[in-house]
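Now for the letters of each chain:
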Amino acid sequence: MNGANTSDGQTSRSLVYLLDYLMRVRQDALRGLLAMYLGNIDINRMVAFTDGYRACQSANGIEDEEYGLFRDWLRDVKHEFPTEGWGEKYLRDCDGDHERAIQKFLDFVAEFVALREREKQGG
């Protein structure tokens, strides 16, 4: 484990929130390394990956407010978070191409992250 020891002997670790990790996945996907994260490139695996990451955060008492804001933005602004699930919709939008559907999701992540950065900088 990486991290410094705290006064009670526990190891402290910096948190990696989901959007930050998805930006890393996107960067690697653009380099052709998406399978490194999913094994088989499949939209259902990507959905499970994000759901699992969120479940792990929740189980460890980590509130990921930015991901909640991203989901709200995806639903309310982009109208891309349907009740059927984003994975099903994006796969349909991309004519059954799993890699394109995953890239669509990751591109929305990047768009939202850039928007939030602009907001934080006052622009």
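Residues numbered from 1 in each chain as written. Predicted model: local features only at pLDDT ≥ 70, side-chain atom pairs only at ≥ 80, totals over all residues. Heavy atoms only, no water.

**Q** What is the right way to look at the packing of aromatic side chains in this model?
**A** Between two aromatic rings, the relevant description is the distance of the centres plus the angle of the planes. Counted by the stated rule, this structure contains 12 aromatic pairs. Aromatic pair Y21 and F49: ring centres 5.9 Å apart, planes at 25 degrees, arrangement stacked. Of this pair, Y21 sits in helix 1 (residues 18-30) while F49 sits in helix 3 (residues 43-59), and the two are 28 residues apart along the sequence. Like Y21, the residue F49 is buried in the burial classification. Among the aromatic side chains, those forming a connected cluster through ring pairs are Y67, F70, W73, W86, Y90, F105, F108 and F112. (Phe/Tyr/Trp six-rings, centres within 6.5 Å; stacked < 30°, edge-to-face > 60°. Helix = DSSP H or I, 4+ residues; strand = E, 2+ residues; numbered from the N terminus. Buried < 20%, exposed > 50% of the residue type's maximum accessible area, 1.4 Å probe, protein only.)

**Q** Please explain helix 6 (residues 98-120) as it appears in this structure.
**A** Along an α-helix, a turn takes 3.6 residues, which lines up residues three or four apart on a common side. Compared with an ideal rise of 1.5 Å per residue, which puts 23 residues at 33 Å, helix 6 spans 33 Å between its outermost C-alpha atoms and is within 8% of the ideal. Among the residues of helix 6, A101, I102, Q103, K104, F105, L106, F108, V109, A110 and F112 are the ones counted as buried. Where helix 6 is buried, its residues touch helix 1, helix 2 (35-38), helix 3, helix 4 (65-76) and helix 5 (86-93). At the N-terminal boundary of helix 6, the capping side chain belongs to D97, with an oxygen 3.1 Å from the backbone nitrogen of E99. Within two residues after helix 6, G122 carries a phi angle of roughly 80 degrees, on the positive side. (Expected span 1.5 Å × (residues − 1). Contact = heavy atoms within 4.5 Å. Polar contact = N/O pair within 3.5 Å; in protein donor to acceptor, adjacent residues only side chain to side chain.)

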